[in-house]
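Take a look at the letters that make up each chain.
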Amino acid sequence: FQYRAIDANGRTLRGTLTAADEREAALRLETDGLTVVELSQQGAKTSQARGEVSDDVRVAILQQLAIMSRAGVDLLEALESMATGMSGPAAPKIMQVTVRLRRGETLSQGFKAEFKGYPGYVHALLQVGEATGRLDRAIDDAARQLAFELRIRKEVGNSLAYPAFLVIAGCLAIGFLFYDVVPKFADMIGQNVSELDGLAKLVIGTGMFFRSQTVLVLSVAASIVAVSVLVLSTSAGRRSVYDAALNMPVIGGILRSRERATWARILHLALANGVSLLDAVRLASASIPAGSFQRSLSTVERLIRSGRRFDEALAEHRLLTSLDRSLIG
């Protein structure tokens, strides 16, 4: 590792040392009485690219940091203690955050640089906590919101697992019927197949096509699956699927309700942490996916800047129900 550190006399030192990971390197330098300013690995990828931190670990990091902050533990000491107790890619990332703090950066800047997987509102709430002097509360609010979203995501995934299994099993059963059973009926009917009409002719014809063009049918099915996986693996693809789902009858209503709930929750967290109304509206708007709702919120922000009351700006675009707007009013 290459390092840049400051000794007890205030002199800046540069050098290299060998260690198993960033945490060990930083601890060895601190044991020698040096304050680490910069630490980077030679001849390999940095800790940022070694692997992503799981969602559960992201929540645990915020929860532990919130507990230590409320207990009055120094921020650097809290981060170093967390890095010592954690394993995997989280530990070196936390150590890199401590290095950034010693370099003069803020906690929100360090988290934004090292932990790419956090939602935007987490970094924004950290900035709010630093600006208002209530960092412990801001971290706790971010941890609660992230844990809530993770729990909802798991519950939705679990609730969709059985229906997805039924859909897949149903498709396989239908494919088997068209490939094996329907052609047998066609053989039994024999020459009379041409005399069929309507749905019976369609079913028999589809079964015969499945049997004669098995390789083509399987290739098309595999291509559809591959394209679906490829589309969902990119942010632009997921954005397109999400936009399409918003226009569906039942699913669209659920997604729009979730957007409004997320917006209201983040707006509450921002206002509770002392953020001004305009900044809170901007922060809450950034926490939801891009779309018509977010575009309407940008118009609401402009109306507030022009002097309109918050409830009046919301009423103009009908973003909330009349009851919600009356409560805000």
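Residues numbered from 1 in each chain as written. Predicted model: local features only at pLDDT ≥ 70, side-chain atom pairs only at ≥ 80, totals over all residues. Heavy atoms only, no water.

Asker: Pulling in residues and values, what's your account of a nonpolar patch on the surface?
Answerer: Together, Phe209, Leu216, Val220 and Ile224 make up a nonpolar patch on the protein surface, roughly 370 Å² of accessible area in all. The biggest single contributor to the nonpolar patch is helix H9 (residues 214-232), with three residues. Its location among the elements puts Phe209 in helix H8 (residues 198-212). Look at Phe209 and you get partly exposed, because its relative accessible area is 41%. (Patch = residues over 30% accessible without salt bridge, like charges linked within 9 Å, V, L, I, M, F, W, Y side chains within 5 Å. Areas by Shrake-Rupley, 256 points an atom, 1.4 Å probe, with all protein chains shown as cover. Salt bridge = Lys/Arg side-chain N within 4 Å of Asp/Glu carboxyl O. Helix = DSSP H or I, 4+ residues; strand = E, 2+ residues; numbered from the N terminus. Buried < 20%, exposed > 50% of the residue type's maximum accessible area, 1.4 Å probe, protein only.)

Asker: Please provide a residue-by-residue account of the packing of helix H5 (residues 107-114) against helix H6 (residues 120-132), values included.
Answerer: Closest axis-to-axis distance for the H5/H6 pair is 8 Å, and the angle between their directions is 165°. Between H5 and H6, the interaxial angle falls into the category roughly antiparallel. For the pair H5 and H6, the sense of crossing is right-handed. Along its contact with H5, which presents Leu107, Ser108, Phe111 and Lys112, the element H6 presents His123, Leu126, Gln127 and Glu130. Here the residues of the contact of H5 with H6 sort into three nonpolar, three polar and two charged. (Axes fitted to C-alpha atoms, helices over the stretch in contact; angles between N-to-C directions. Parallel < 35°, antiparallel > 145°, perpendicular 65-115°, else oblique. Left-handed = near helix turned anticlockwise from the far one by under 90°. Contact = heavy atoms within 4.5 Å. Nonpolar A, V, L, I, M, F, W, Y, C, P; charged D, E, K, R; others polar.)

Asker: With reference to specific residues and values, describe the packing of helix H7 (residues 135-189) against helix H11 (residues 249-272).
Answerer: For the pair H7 and H11, the least separation of the axes is 10 Å and the interaxial angle reads 170°. Regarding the angle of H7 to H11, the classification is roughly antiparallel. At the point where H7 passes H11, the crossing takes the right-handed sense. Counting all contacts with H7, which are made through Arg137, Asp141, Gln145, Phe148 and Glu149, the residues of H11 involved are Thr262, Arg265, Ile266, Leu269 and Ala272. Broken down by class, the residue content of the contact of H7 with H11 amounts to four nonpolar, two polar and four charged.

Asker: Provide a residue-level description of the confidence of the model for the protein chain, including the pertinent values.
Answerer: Reading predicted coordinates in detail is not appropriate for stretches of low pLDDT. Per-residue pLDDT for the protein chain has a mean of 82; in total, 95% of the residues score no lower than 70. Of all secondary-structure elements in the protein chain, the lowest mean pLDDT belongs to helix H1 (residues 22-31), at 76, while helix H2 (residues 55-70) reaches the highest, 90. (pLDDT = per-residue confidence, 0-100.)

Asker: How would you sum up the side chain of Glu301? Please name residues and give values.
Answerer: By the secondary structure assignment, Glu301 is in helix H13 (residues 292-305). For Glu301, a relative accessible area of 14% translates into the label buried. Filtering out sequence-adjacent residues up to four positions away, Glu301 remains in contact with Leu278, Val281 and Arg282.

Asker: Let's hear about the side chain of Ser285: which residues, and what values?
Answerer: Looking at the element boundaries, Ser285 is found in helix H12 (residues 277-286). Judged by relative accessible area, Ser285 falls into the buried class, the value being 11%. In this structure, Ser285 is in contact with Trp263, Gln294 and Leu297, ignoring residues within four places of it in sequence.

Asker: So what's going on with the nonpolar core? Residues and values would help.
Answerer: Counting 67 residues, the largest nonpolar core has Leu39, Ile61, Leu62, Leu107, Phe111 and Trp263 as its most contacted members. When residues of this core are assigned to their parent elements, the largest contribution, seven residues, is made by helix H4 (residues 90-102). Once you skip the residues sitting within four places of it in the chain, Leu62 turns out to touch Phe111, Tyr118, Val122, Ile139, Ala142, Ala143 and Leu146. (Core = buried A, V, L, I, M, F, W, Y, C linked by side-chain atoms within 4.5 Å.)

Asker: How would you summarise H2 if you had to cite specific residues and measurements?
Answerer: Across its 16 residues, H2 extends 23 Å between first and last C-alpha, which sits within 8% of the 22 Å expected from 1.5 Å per residue. Regarding H2, the residues found buried are Arg58, Val59, Ile61, Leu62, Leu65, Ala66 and Met68. Lining the buried residues of H2 we find helix H3 (75-85), H4, H5, H6 and H7. Looking at the residues trailing H2, positive phi occurs at Gly72, about 85°. (Expected span 1.5 Å × (residues − 1).)

Asker: If you had to explain the layout of surface pockets to someone new, which residues and values would you point to?
Answerer: Each pocket or cavity is described by its volume, and for the largest pocket that value is around 1,300 Å³. As for the largest pocket, its lining consists of 34 residues, and the residues nearest its centre are Arg153, Tyr242, Leu255, Arg258 and Pro289. For the lining of the largest pocket, the secondary-structure elements that each account for two or more residues are H2, H6, H7, helix H10 (235-246) and H11. Sort the elements by how many residues they give to the lining of the largest pocket and H7 lands first, with eight residues. Considering only residue class, the lining of the largest pocket consists of 20 nonpolar, six polar and eight charged. Put simply, the second largest pocket is a space of about 280 Å³. (1 Å grid on protein atoms, 1.4 Å probe; cavity = no way out; pocket = protein on both sides within 12 Å on 5 of 7 lines; lining within 4 Å. Points joined across faces, edges and corners; volume = space filled by probe spheres on them.)

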